[in-house]
Amino acid sequence: MTLDLKIDGPDSNHRADDLPQGVLGKASDRPDGWAKVAGSATYAAEETHDDLLHGFLVRASGVGTVNCPNIDAIKEMPGVRAVLRDKRMVRNAAQGTANKAPVQGVDRAEYVGQPIALVVAQSFEQARHAAQTLTVTISSQEAPITPEAVTPETPEDKQTIIGDLEQAMSDAAFQINAVYTTPSMISAAMEPHAATAQWDGTTLTLRGALQMLRFNRNELADSVGIDPAQVRILAPYVGGGFGSKLGISADCVAAALAAMELGQPVRVVQHRRQVFEVNTRRSETRQHIRLAADAEGHLTGLGHAALVSNLPQEGFAEPVLQGSHFAYAATNRSLEMQIARINRPAAGSVRAPGEAVGVTAFEIAMDELAEVTGIDPIDLRLRNIPEKDPESGKPFSSHRLKQVLKTGADAFGWSSRRAAPRQQREGEWWIGTGMAAAFRVNSIMKAEARIRLSKDGATVESDMTDIGTGSYAIYRQIAAELLGLPLDKVNVRLGDTAFPPGSGSGGSVGAASTGSAVWLAAMEIRNQLATRLGCREEALTLKDGGATFDNQHQSLGDILTEQPLVGHGRVEPGEAAEKVRQSTFGAHFAEVAVSDVTGEIRVRRMLGCFAAGRILNLRTARSQCHGGMTWGIGMALTEEMTHDRRDGHIVNRDLAGYHLPVNADVPALEVHFVEERDDWAGPMQAKGIGELGICGAGASILNAVYNASGARVRDLPATPDKVLAALPN
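Figured I'd write up the structure that's included with this text. (Residues numbered from 1 in each chain as written. Predicted model: local features only at pLDDT ≥ 70, side-chain atom pairs only at ≥ 80, totals over all residues. Heavy atoms only, no water.)

Quick look at the pattern of salt bridges
Alright, step 1. All told, the structure shown has 46 salt bridges when counted by the stated rule.
Alright, step 2. Across the pair Glu277 and Arg59 runs a salt bridge whose closest N-O atoms are separated by 2.1 Å. Of this pair, Glu277 sits in helix α7 (residues 272–278) while Arg59 sits in strand β2 (residues 53–59), and the two are 218 residues apart along the sequence. We note that Glu277, like Arg59, is buried. (Salt bridge = Lys/Arg side-chain N within 4 Å of Asp/Glu carboxyl O. Helix = DSSP H or I, 4+ residues; strand = E, 2+ residues; numbered from the N terminus. Buried < 20%, exposed > 50% of the residue type's maximum accessible area, 1.4 Å probe, protein only.)

What follows is the structure, encoded as structure tokens:
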């Protein structure tokens, strides 16, 4: 049986507050952790078969019409089984959240690095050698490479004009009018994109590094031209995704086509440079922010205009303005988006798309406004918290910005801060502190899960993935709590499209969406148990493998001697999204040291305080926030994917040239959570937290850099050369 829930309104039952097992919300270990550290958890590139063939992608060196004149000679090389130049091969990696095929084709290259062929051989070395020997000629054509080279599109549905911002700016007692830029970035997941495909004449089975299997199944089926029912995707372990594995990528489709043609399993693994060039990047942004405030620091006008880029035929546009729509109150508002169509790799979701870069720039502008008004940065934000959504007028489902600001400030010791820049020095180092608010949209996606309960324990099943976020741990806790089982009596099976379709890992929806489906599946089993025992479900207490009801007690083993119980849960968004504005909130605080000699920045400490509904697992939630704050350090100080301005190719296309923060860059990170129950977020009152931690984190660092040294950097990242140029004389 299936227990369905459409979230149309608030759920104030708060059942999770009173359940007796006591495991939900605790800092539980990951059940998959030992397998990962011991090496027994296999990933897509480690799938083995006796008759396995190896494929190596060939890519374009320019933009234009593609030709490969020596294909016949390559086919005769030792070990080579095939050279595929199939029009069904993926040209641009898919975004992964829509039921449509990605952009395909190999006859024309739209960007440097685009896949245009696959060489398949008996060994990896043979495939690589043959691929590197294949001659690729490009009938080069002029193509726009930089956003400045084109007239951008201005989509009507991405423009919001309310009131008169120009008049508000003219009348303002204080104003900010500045431009901020962020570069292209890459997800840089530890596991490279990889796929191993098999075709038995009826079913295509693909082991892949993928995040959203319910969508990936349809994408793969559409790409190769078969029915989705003929596709099975496996992704039980994924070594990070951060958006780059949301959709089907070139390796998946190429491996599938080769396996179908040759009748043998084929593995295709992207090397690190291919990972950088073939998959989605975060768009660079140019953000023009205007703020108008009255004499008391209340915002009267808010303007945020963003320019982003993508390839032609791509529907995604980095949603830079997403947080600005609801973050602060202002009567006069202008939020405008433009998209430049240029010939660089496809832009897509990367680590909190939208707010990651939009909130970062906006929170630097808010710090600048605090400076010119002479108002404490926290007080300025408190004065501008909206009572309702400032554009739609919807109420907030819950709003904890005030609480996270105050809790975080107290824990950080903000009251002892020196407000003016350049007030504390240690040798060559200026010392300062900064803060920023964090905002992230929250939503529920359609999801399903199944639980089987027997005398030996429970098994949870969903095609949901765990990309390092803790899905295995959280779903085990939910099932154990509702069914009254010790954690070691719950087994979680994920990443297989043979299981019910979960939400997938993306947009911080997994815990609340698929987690709610697991909750509903467990509730359905509770209903069945209550019926079998002749009592009301509400009167049934399940704890430590036993059931108590009507002054009676039985072990679940005795109750389940006949046959296992199966519960199926299904959740989907309803009218709630139209009735309320739902968001998560946070506050970041940072202390930095800035060298007056070299311009080097050292982050000395960081603290984050967050409100994201019920926290389901303290350990995994804290880990997610640590990750987001670390990405904030990278965004502020080191990360920049550089494109050659002659042809658009990526210059720093590996982890040696693309500077991610490493251990020496990251101080001890402190995380606090504010208690919250959002009744509009489903039966557990839980919301997403995975991406909240990055939003605004970089701004707190750059605001601290200004407080320390007086250097205001608006062109991210704040590399030493930029800091030195911005230091006061």
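So, the sheet that holds strand β23 (residues 546–549)
What links the strands of a sheet is backbone hydrogen bonding, and the strands pair in either a parallel or an antiparallel sense.
Alright, step 1. The strand order across the open sheet formed by 3 strands is β22-β23-β24, and the pairing between neighbours is antiparallel. For this open sheet the edge positions go to β22 (541–543) and β24 (552–555), each flanked by a neighbour on one side alone. Going from strand to strand, the sheet's axes swing by 20° on average, the running direction of each strand aside.
Alright, step 2. Summarising the sheet, β22 and β23 pair through 3 bridges and their orientation is antiparallel. (Pairing = 2+ DSSP bridges. Axes fitted to C-alpha atoms, helices over the stretch in contact; angles between N-to-C directions.)

Some words on the environment of Ser397
Alright, step 1. Within the fold, Ser397 resides in the loop between α9 (377–383) and α10 (401–412).
Alright, step 2. Under the relative-accessibility criterion, Ser397 is labelled buried at 13%.
Alright, step 3. Along the sequence, Ser397 and Ser583 sit 186 residues apart, while their C-alpha atoms lie 7.8 Å from each other.

Section: the packing of aromatic side chains
For any pair of aromatic rings, the description rests on two quantities: the centre-to-centre distance and the angle between the ring planes.
Alright, step 1. One pass over the full model with this rule turns up 12 aromatic pairs.
Alright, step 2. Aromatic pair Phe326 and Phe439: ring centres 6.3 Å apart, planes at 85°, arrangement edge-to-face. Taken as a pair, Phe326 in the loop between β15 (299–310) and β16 (332–341) and Phe439 in strand β18 (residues 429–441) lie far apart in primary sequence, 113 residues in all. The same class applies to Phe326 and to Phe439, which are both buried.
Alright, step 3. Ring centres of Tyr328 and Phe362 lie 6.1 Å apart, and the angle between their planes is 20°; on these two criteria the pair is classed as stacked. On the criterion of sequence distance, the pair formed by Tyr328 in the loop between β15 and β16 and Phe362 in helix α8 (residues 355–373) is long-range, its members being 34 residues apart. (Phe/Tyr/Trp six-rings, centres within 6.5 Å; stacked < 30°, edge-to-face > 60°.)

Overview of the sheet that holds β15
Alright, step 1. Reading across the sheet, the 5 strands line up as β8-β16-β15-β14-β9 and stay open at both edges, with mixed pairing between neighbours. At either end of the open sheet lies a strand with only one pairing partner, and these are β8 (159–162) and β9 (174–182). This sheet shows a mean twist of 10° between the axes of neighbouring strands, independent of strand direction.
Alright, step 2. Where strand β14 (residues 285–293) meets β15, 8 bridges bridge the pair, whose relative direction is antiparallel. Note on β15: the bridge partner recorded for Ala293 is Leu299.

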